[in-house]
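Structural characterization, general
What follows is the residue order along each chain.
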Amino acid sequence: MLKTVRTTPYTDQKMGTAGLRKKSTIATQENYLENFVQSIFNAVGGVKGQTFILGGDGRYFNKTAIQKIMKMSAANGMKKMIVGQYGLMSTPTSSRVLLKNKADGGFVLTASHNPGGINGDFGIKYAVASGGQCPTSVSDKIYENSKNIQEYKILEAPDVDLSCLGTQKLGDMEIEVIDPITEYVQMMEKIFDFAAIRRLFASGFTFIFDAMNAVTGPYARRIFVDILGAAPDSVVNDVPMEDFGGLHPDPNLIYAKPLVEKMYSDNAPDMGGANDGDGDRNMILGKKFFVTPSDSLAILTDNYKYIPAYKNGIYGVAKSAATSTAVSRVAKALNIGYYEVPTGWKYFCNLMDSNRITFCGEESFGTGSCHIREKDGIWAILSWLNVIAATGKSVEQITREHWQKYGRSYYMRNDYDGIDVNVANKLMDDLEQRMPSLVGKKFGNFTVKEANPFIYNDPVDGSSTKNGLIVYFTDNSRIVYRLSGTGTNGATLRVYLERYETKQLDEDVEKMLEELADVSRQIGEITERTGKVKADLLT
Ligand code: G16
């Protein structure tokens, strides 16, 4: 039976960098999810007759939310919903399924790399027909709608069984339950040289992949072990759990600690990798060796010809402004297009749709290509495996040869967490005001050459976005300041440090960037304003 439920608005449903992210305790409040979903449907002019994709990373509230969304979609006249078996689907798979079926939209229930569970976070990523996250113009409309919502529609019906593949009905809406892993595998097989990677594993190449108890566990087992022949124990933490088994599913040196320890031990495998909660982020490690996401993008771009899907050439490459400039040097050498965009994968999508770029990536452990409109964690790991299989070189060798050829961007992100939102906003506003007066000033060994807010003018739709503040120094070093758009606990100030060197110097990145980190605190007046003498997290 169709029911119209009266509701009262929540005023905090503004989407961040990628969708809505909230503490689980907030997301599970009465009508909270329902208000948000109905606001989306209202903002896009209704979903009657449309097809949507639905899945999630399996975190707490995933199961309940999926049932609610299916029933609301049916009540709003949707024609068809394609749902992942057991309600699971990674973000990259969702983008693929959306594009393949020419669907009108899609939801991935995830707070990405944020922890899960009752005391963790929940979230919703909303993708549009292009396969990418909804643009700001759409999320603004949804937010306006959410502030005035009075009612939502829902079907009163028993829960849908999502364990069996195939088609069923919910009211008048068709529900197709699919195996998302098969969908994903079919796409990867077309991109990579699976035979070469199979030979690599057969030759004794050792590997470990940490799925962090999140959505990519079953994908990794099927692809790396069952299909490519890696040893069965090379995929760990591969059962998706509602609280990720207490792990923080953010694949970086801090949160993927057990993997990092293994890769830095004497019996380290040849390569290590990890993904985040919803499978769009990745980390790459060699034996006692870490590849920064910025270098990873540059290296994959430089080696595109080894990957079958790209061997005939790539259009160009893009990175977020905060990401190191490593890939810019590769783009120049290859004579391909090069773009710098604001933080947020959605900004790459127009560039892909218009064939301006093939590869893109961000410092926040996101790498991908135009095969979909999201970043793709397993794609990145397979890319490295493919390059290793083709060149016969180790992760470290590939990276060091890259630095020799192009020089090295010593790079690090400093996060100052849990700052009062007003303090953080004022810090950024005041710094922006002070920027012109910084030019020409000397801070220790660093002299400011230029200091501007980063403004992106989209070459396709003409929209303009301001995101972050950049200070350039005369020696080609840079500091980028921006506030995170994905946190759920006060504000996080991110400070990105980069120093470019052509000589082989110290291996200790933290030491190499020590003075620049001090300079970043001085310029941003970080300690005076936040009381923090050091960053809370270095990645
Ligand atoms: C999301 C976006 C990414 C972006 C990241 C930035 O990642 O999809 O494109 O780089 O947020 O996060 P912040 O604003 O906190 O720096 P994900 O993996 O959380 O979806």
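Here's what I pulled together on the structure shown here. Owing to the predicted nature of the structure, the values given are computational and were not obtained by experimental measurement.

Some remarks on the overall build of the protein chain
- Summing up its helical and strand segments, the protein chain has 18 helices and 25 strands in all.
- The globule rule puts the C-alpha radius of gyration for 539 residues at 24 Å, and the 23 Å found for the protein chain is close to it.
- Expressed as lengths along the three principal axes of its C-alpha atoms, the size of the protein chain is roughly 70 × 60 × 40 Å.
- Relative to its 539 residues, the protein chain shows a buried fraction of 59%.
- Considering only contacts in the protein chain between residues 6 or more positions apart, those separated by 24 or more positions represent 72%.
- Of the accessible surface of the protein chain, which amounts to about 20400 Å², a share of 49% is contributed by carbon and sulfur atoms.
- Taking the average location of the 61 positive side-chain charges in the protein chain and that of its 64 negative ones, the two points are 3 Å from each other.

A few points about the packing of helix α10 (residues 293-302) against helix α14 (residues 395-406)
- The interhelical angle for the contact between α10 and α14, taken along N-to-C directions, is 85 degrees, at an axis separation of 11 Å. Relative to α14, the element α10 is oriented roughly perpendicular. Contacts between α10 and α14 involve Asp295, Ala298, Ile299 and Asp302 from the first element and Ile398, Thr399, His402, Trp403, Lys405 and Tyr406 from the second.
- Residue composition of the contact of α10 with α14, by class: five nonpolar, two polar and three charged.

Regarding the site of the ligand
- The ligand sits among 20 residues. The nearest are Glu362, Ser484, Gly485, Thr486 and Arg494.
- Gly485 has a polar backbone atom sitting 2.7 Å from an oxygen atom of the ligand.
- Taking 460 Å² as the accessible area of the ligand by itself, protein coverage stands at 99%.
- Among the detected pockets, the ligand sits in the second largest pocket.
- Looking at the shell around the ligand residue by residue, the class counts come to two nonpolar, nine polar and nine charged.

Focus: the packing of aromatic side chains
- Overall, the coordinates contain 19 aromatic pairs when judged by the stated rule.
- Ring geometry for Phe107 and Tyr126: centres 5.7 Å apart, planes at 35 degrees, overall tilted. In this pair, Phe107 sits in strand β5 (residues 105-109) while Tyr126 sits in strand β6 (residues 121-128), placing the two residues 19 residues apart along the sequence. Accessibility assignment for this pair places Phe107 and Tyr126 in one class, buried.
- Counting every residue linked through ring pairs, the aromatic cluster contains Phe201, Phe205, Phe207, Phe209 and Phe224.

Quick word on the sheet that holds strand β2 (residues 20-23)
- Taken in spatial order, the seven strands make up an open sheet running β2-β6-β5-β3-β4-β9-β8, and their pairing is mixed. Looking at strand neighbours, the two that pair on one side only are β2 and β8 (166-170), the edges of this open sheet. With strand direction ignored, the average angle separating the axes of adjacent strands in the sheet is 20 degrees.
- Note that β8 and strand β9 (residues 173-178) share five bridges and pair antiparallel. What sits directly across from Lys169, in β9, is Glu174.
- Together, β3 (51-56), β4 (80-88), β5, β6 and β9 form the strand contacts of helix α4 (residues 91-100), whose direction differs from that of β5 by roughly 165 degrees.

What about the pairing of strand β18 (residues 366-369)?
- Because side chains alternate across β18, one face comprises the buried residues Gly366 and Gly368, and the other comprises Thr367 and Ser369, equally buried.
- Direction of pairing for strand β17 (residues 359-362) relative to β18: antiparallel, over a ladder of four bridges. Bridge pairing links Phe359 to Ser369 in β18.
- The turn joining β17 and β18, which pair antiparallel and follow one another in sequence, is formed by three residues; a positive phi near 65 degrees is taken by Phe365.

Notes on the nonpolar core
- Of all hydrophobic cores here, the largest spans 65 residues; its most connected members are Phe224, Met271, Trp379, Leu382 and Leu385.
- Broken down by element, this core gets its largest block of residues, nine residues, from helix α13 (residues 377-391).
- With near-sequence residues (within four places) excluded, Trp379 lies in contact with Tyr184, Met188, Ile191, Phe192, Leu300, Tyr310, Phe359, Thr367, Gly368, Ser369 and His371.
- Formed by 43 residues, the second largest nonpolar core is a distinct cluster that contains Phe52, Phe61, Cys134 and Ile175.

Re the layout of surface pockets
- Reported here for the largest pocket is a volume of approximately 1100 Å³.
- Around the largest pocket, the lining is made up of 37 residues, and of these Met15, Gly16, Leu483, Ser484 and Gly485 lie nearest the centre.
- As a volume, the second largest pocket reaches approximately 660 Å³.
- The wall of the second largest pocket is formed by 41 residues, among which His113, Asn114, Thr486, Gly487 and Arg494 lie closest to the centre.
- For the lining of the second largest pocket, the elements supplying multiple residues, two or more each, are β2, β6, β19 (408-419) and β24 (491-501).
- If you tally residues by element for the lining of the second largest pocket, the top one is β19, at four residues.

Notes on unusual backbone geometry
- For Ser112, which is not a glycine, the phi torsion comes out positive at approximately 55 degrees.
- Of note, Ser112 is situated in the loop between β5 and β6.
- The backbone of Asn237 sits at a positive phi, close to 50 degrees, despite the residue not being glycine.
- If you trace the backbone, Asn237 turns up in the loop between β11 (235-236) and α9 (257-263).

Regarding α4
- Along α4, eight of the 10 residues are buried, which leaves the element largely enclosed by surrounding structure.
- Where α4 is concerned, the buried positions are Thr91, Pro92, Thr93, Ser94, Ser95, Arg96, Val97 and Leu98.
- Looking at the residues trailing α4, positive phi occurs at Lys102, about 50 degrees.

Things to note about the sheet that holds strand β15 (residues 316-320)
- Spatially, β16-β15-β17-β18 is the arrangement adopted by the four strands of the open sheet, whose pairing is mixed. With one partner strand each, in any of the chains shown, β16 (337-341) and β18 form the two edges of the open sheet. Adjacent strand axes in the sheet meet at a mean angle of 15 degrees, parallel and antiparallel pairs treated alike.
- As judged from the five bridges shared by β15 and β16, these two strands associate in the parallel manner.

What counts, and at which threshold
- Residues numbered from 1 in each chain as written.
- Predicted model: local features only at pLDDT ≥ 70, side-chain atom pairs only at ≥ 80, totals over all residues.
- Heavy atoms only, no water.
- Helix = DSSP H or I, 4+ residues; strand = E, 2+ residues; numbered from the N terminus.
- Rg over C-alpha atoms; globule rule 2.2 N^0.38 Å.
- Buried < 20%, exposed > 50% of the residue type's maximum accessible area, 1.4 Å probe, protein only.
- Contact = heavy atoms within 4.5 Å.
- Areas by Shrake-Rupley, 256 points an atom, 1.4 Å probe, with all protein chains shown as cover.
- Lys, Arg positive; Asp, Glu negative; His and termini not counted.
- Charge placed at Lys NZ, Arg CZ, Asp CG, Glu CD.
- Axes fitted to C-alpha atoms, helices over the stretch in contact; angles between N-to-C directions.
- Parallel < 35°, antiparallel > 145°, perpendicular 65-115°, else oblique.
- Nonpolar A, V, L, I, M, F, W, Y, C, P; charged D, E, K, R; others polar.
- Near = heavy atom within 4 Å.
- Polar contact = N/O pair within 3.5 Å; in protein donor to acceptor, adjacent residues only side chain to side chain.
- 1 Å grid on protein atoms, 1.4 Å probe; cavity = no way out; pocket = protein on both sides within 12 Å on 5 of 7 lines; lining within 4 Å.
- Sits in = over half its atoms within 2 Å of the grid points.
- Phe/Tyr/Trp six-rings, centres within 6.5 Å; stacked < 30°, edge-to-face > 60°.
- Pairing = 2+ DSSP bridges.
- Core = buried A, V, L, I, M, F, W, Y, C linked by side-chain atoms within 4.5 Å.
- Points joined across faces, edges and corners; volume = space filled by probe spheres on them.

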